[in-house]
Each structure stands twice: as C-alpha cells, then as structure tokens.
Amino acid sequence: MDGEKVATATAFYEPRDLSGAGWLHWVAVKREYQGQGIAKALISHTLQRLKELGYPSIKIPTQTNTWVAARMYLDFGFRPIPENAVNSREGYGILRTLTDHPALEAFDPVPYEEIWDSRMVEIEKKLREQYADLVHFRVLEEDGQERILFCTQTRTGEWKETF
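My aim in this report is to walk through the structure given alongside it, one point at a time. Since this is a predicted model, take the numbers as computed values, not measurements. (Residues numbered from 1 in each chain as written. Predicted model: local features only at pLDDT ≥ 70, side-chain atom pairs only at ≥ 80, totals over all residues. Heavy atoms only, no water.)

1. Quick word on the pattern of salt bridges
Argument step 1. Summed over the entire model, instances satisfying the criterion amount to 10 salt bridges.
Argument step 2. A salt bridge links Lys126 to Glu122, with the shortest nitrogen-to-oxygen separation between them at 3.7 Å. Taken together, the residues Lys126 and Glu122, both in helix α6 (residues 118-130) and four residues apart, mark about one turn of the helix.
Argument step 3. Looking at Lys126, the relative accessible area reads 32%, which means it is partly exposed.
Argument step 4. It is possible to trace a salt-bridge network through shared partners that takes in Glu142, Arg147, Glu158 and Lys160. (Salt bridge = Lys/Arg side-chain N within 4 Å of Asp/Glu carboxyl O. Helix = DSSP H or I, 4+ residues; strand = E, 2+ residues; numbered from the N terminus. Buried < 20%, exposed > 50% of the residue type's maximum accessible area, 1.4 Å probe, protein only.)

2. A word on the packing of helix α2 (residues 67-75) against helix α4 (residues 89-99)
Argument step 1. It is the contact of α2 with α4, at a shortest axis distance of 10 Å, that shows an interaxial angle of 80°. One finds that α2 runs roughly perpendicular with respect to α4. Here Trp67, Ala70, Arg71 and Leu74 of α2 lie close against α4, whose contacting residues are Leu95, Leu98 and Thr99. (Axes fitted to C-alpha atoms, helices over the stretch in contact; angles between N-to-C directions. Parallel < 35°, antiparallel > 145°, perpendicular 65-115°, else oblique. Contact = heavy atoms within 4.5 Å.)

3. A short note on the environment of Gly157
Argument step 1. Position of Gly157 relative to the elements: it lies in strand β6 (residues 156-159).
Argument step 2. Residue contacts for Gly157: discarding those within four places in its chain leaves Ile148, Leu149 and Phe150.

So, in structure tokens, the structure goes:
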C-alpha cells in the first residue's frame, strides 16, 4: 500500500532449454506478508505475462523440499516432469504426505516419522516460544558438545539453555 516492495518473481527465457518454454523462478514474499495471497496473485500475473510474450509452455525449477511452493505450483496445474518423478520419487512421496495433493496420487506417501526428526521438532518449538520471528536454526556437534545456533528476523545467536 505504501510502495514497499514485498514480493518478487522472475520470468525468463533459458537459451539452453531447446523446448522454447518460458520459465517462472524466484517467487518470494517477505515473511511478514506471507499468507495473504500475494504469491498466488504474483504467480498468476507472471504466468499471464509469459503467455502474452508467446511462450508455448512454462517451466518452474523448484524442489520437493520447498513443499509450500511446490503445493502452490501443483494447484496452478504444474506437474513434475517424468525424469524428476523417477529421480526424486522419495521427495515426491514426502511432498504427497505433506500436501495430500491429488496430483501426486501416483507416489507412495512417506510416513511422518520418516520425515520429521522429533528432537528437531522439539528444539524448534522451544526456540519459537522464545523467538516468534525465528527464521532458521542449526544444531552442531563439536567435540561431543551440542551447539544450537539460530537466526531471527532481527538477530543471530546461540541457544544456551539445555534440552
């Protein structure tokens, strides 16, 4: 509303891709603006622009571990290319478990206990209790000692409490 840039998407042509497809890439929305439909509107606009530019098809280079984005791309009708489906079968199985998207019914779901490390879930829960703006964390083991490093939107640090 005030002109602040809060989201981005890139539409481009990859000359090494001989199919002539246009590409949608680097879709991102600032964390505090996520969940407001901005990404969907931006993707829609970018896809329309690629269509206006005359691209016969559109590709999205994404990964199965960016499951929220992957779910949105599936909702837009994108599907894994066969080579990726074969090479990333477990990744798509995890994606199916996390999204239950009907487009992924050909993939066997991966049980939750094989996806989530219960210790990491507990660490994240405790960190989020203290740091609501937690962005990410990492657990390191050095000389038999565990260190938990974290990053919030405003600072980085090391968790000093024990679990």
